[in-house]
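Descriptive structure summary
The primary structure of each chain is shown beneath.
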Amino acid sequence: MTPDDLLKRLAFIAAPHERSAELRGDDAAMDAFLTNGKARFLPVWRQKHPFQIGDDGTATPLILHRVTTPGDAVFLGVVSDTAWFGIALDDAVEQELPAEFRSLTEMLPVLSADTAALMVHARALVIWRANHRFCGRCGAPTRAMDAGHSLTCTNPDCAHRSFPRTDPAIITSIIHPDGEQILLGRQQSWPPGVYSTIAGFVEPGESLEAAVAREALEETGVHVSDVRYVASQPWPFPSSIMLGFTCRATTTTIHRHDGELEDCRWFTRAQVLAGGTRGDPGGDLKLSHPFSISRYLIDGWAHKPL
Ligand SMILES: [Zn+2]
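Keep in mind the model is a prediction, meaning the values are calculated, not measured. (Residues numbered from 1 in each chain as written. Predicted model: local features only at pLDDT ≥ 70, side-chain atom pairs only at ≥ 80, totals over all residues. Heavy atoms only, no water.)

1. Looking at the side chain of Ser162
This is how the line gets drawn: Helix and strand assignments follow DSSP, with helices taken as H or I runs no shorter than four residues and strands as E runs no shorter than two, numbered in order from the N terminus. Note on classification: 1.4 Å probe, protein chains only; a residue is buried when its accessible area is under 20% of the maximum for its type, exposed when over 50%, partly exposed between these limits. Residue contacts are counted whenever heavy atoms from the two residues lie within 4.5 Å of one another.
Looking at the element boundaries, Ser162 is found in strand S9 (residues 161–162). Overall, Ser162 belongs to the buried group, its relative accessible area being 18%. In this structure, Ser162 is in contact with Trp128, Ser150 and Leu151, ignoring residues within four places of it in sequence.

2. Observations concerning helix H6 (residues 208–220)
Test applied: Helix span, expected: 1.5 Å multiplied by one less than the number of residues in the helix.
Spanning 13 residues, H6 covers 18 Å between terminal C-alpha atoms, matching the ideal 18 Å at 1.5 Å per step. Buried positions along H6 lie against strand S10 (167–175), strand S11 (181–186), strand S12 (198–201), strand S13 (224–235), strand S14 (240–249) and strand S15 (263–268). Gly221 sits one or two residues past H6 and shows a positive phi near 80°.

3. A word on the coordination of the zinc ion
Threshold: Any N, O or S atom lying within 2.8 Å of the metal counts as a donor, and for Na, K and Ca the limit rises to 3.2 Å; water is left out, so some sites can look incomplete. Working rule for geometry: tetrahedral if four donors all subtend angles between 85 and 135 degrees; square planar for four, octahedral for six, if opposite donors exceed 155 degrees and the others stay between 65 and 115; irregular in every other situation.
Within the protein, Cys135 (SG), Cys138 (SG), Cys153 (SG) and Cys158 (SG) serve as the donor atoms for the zinc ion, at 2.3 to 2.4 Å. Around the zinc ion, the four donor atoms sit at angles spanning 95 to 116°, and that spread fits a shape best called tetrahedral. Written as a sequence motif, the donor residues of the zinc ion are C-x2-C-x14-C-x4-C. Pair noted here: Cys135 is in the loop between helix H5 (113–130) and strand S7 (142–145) and Cys158 is in the loop between strand S8 (150–153) and S9, with a separation of 23 residues, a long-range link. We classify Cys135 as buried; its relative accessible area is 7%. Owing to a relative accessible area of 17%, Cys158 belongs among the buried residues under this scheme.

4. Points about the domain arrangement of the chain
Cut-off, in case you're wondering: Domains are outlined according to an automatic or database domain assignment. Buried area: the sum, over both parts, of the accessible surface (1.4 Å probe) that disappears when the two are put together. By convention in these notes, a salt bridge is any Lys or Arg side-chain nitrogen within 4 Å of a carboxyl oxygen on Asp or Glu. In the analysis that follows, any N or O atom pair within 3.5 Å is treated as a polar contact, provided that within protein one partner can donate a hydrogen and the other can accept it, and provided that, for residues neighboring in sequence, both atoms belong to side chains. Note that Gly is not counted as nonpolar here; it falls among the polar residues with everything else outside the nonpolar set of Ala, Val, Leu, Ile, Met, Phe, Trp, Tyr, Cys and Pro and the charged set of Asp, Glu, Lys and Arg.
Annotation of the chain at the domain level lists domain 1 (3–131) and domain 2 (167–303). Here the C-alpha centroids of domain 1 and domain 2 sit 31 Å apart. Taken together, the contact pairs 16 residues of domain 1 with 16 residues of domain 2. With both sides pooled, the region where domain 1 packs onto domain 2 buries about 1,300 Å², and carbon together with sulfur makes up 72% of that total. Of all residues in domain 1, Leu6, Arg9 and Leu10 give up the largest surface area on contact with domain 2, accounting jointly for 39% of the area buried on that side. The partner of Arg9 in a salt bridge is Asp299, with the nearest N and O atoms 2.8 Å apart. Applying the counting rule to domain 1 against domain 2 returns four residue pairs in polar contact (both at pLDDT 80 or more). Broken down by secondary-structure element, the contributors of at least two residues to the side of domain 1 that touches domain 2 are helix H1 (3–9), helix H4 (104–107) and H5. When the residues that make up the side of domain 1 that touches domain 2 are grouped by side-chain class, the tally is twelve nonpolar, two polar and two charged.

Structure, rendered in structure tokens:
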């Protein structure tokens, strides 16, 4: 399996729409999009998304052609001549829709790469807005601007502006000095047999490379070097981006300093190649879903020596 084949499996990295940032402050353009009958709205309710379930069990994401509060819509971008928006549903609307609400990761197998990318963009912005209804500086309500891409405090003495935030998190494969083993850990809440790469949030004032080394040491007790960037994956659950790295261990003794992991161990290449996927039956080694950057990092090493 080539690196390109592995990369194609990653969810949320498609870019089907022109984000058209220059149009966000163009009220006339937004009005035209919202009234020409071609706009499409991707609803988000809390952390979930509505799906229509057919009689045969097939699921398709619910896409609205109009909404009652277009001023609350967040402009995502344009595909061909169709403008796409995200929209938050309130509890009353949620109960009226002919849909079932599911998590995006659960429904990934039935979504095209392009649709999944649009839905993840919608949820990132909708959830950000829902979590910033009040000014973080003075506490007054905020008002959306730039087609939903900024929020301004309504207190004229404050007028603080805030923008969508993305929280960087590192995720890294840690390769044994012999090149033939990889360090994986598991959290207590995971199903039996599931192991994954090491991950954690980047702290303020910290470089990505330092975050990789710190998380490796805190979670596994292993010192690392040769930290190299590999790929990234948006992960707005609710607001992260996963920054994927690989690094080489300079020590091999495992000590779980921070207790975040229930277990952590070295796995050989043969063990990894024979491993299953989370959700498979049985108690043997199970790896993250193929759409995740964790699996991308693991398979990238397993199929091709560092
Ligand atoms: Zn304020």
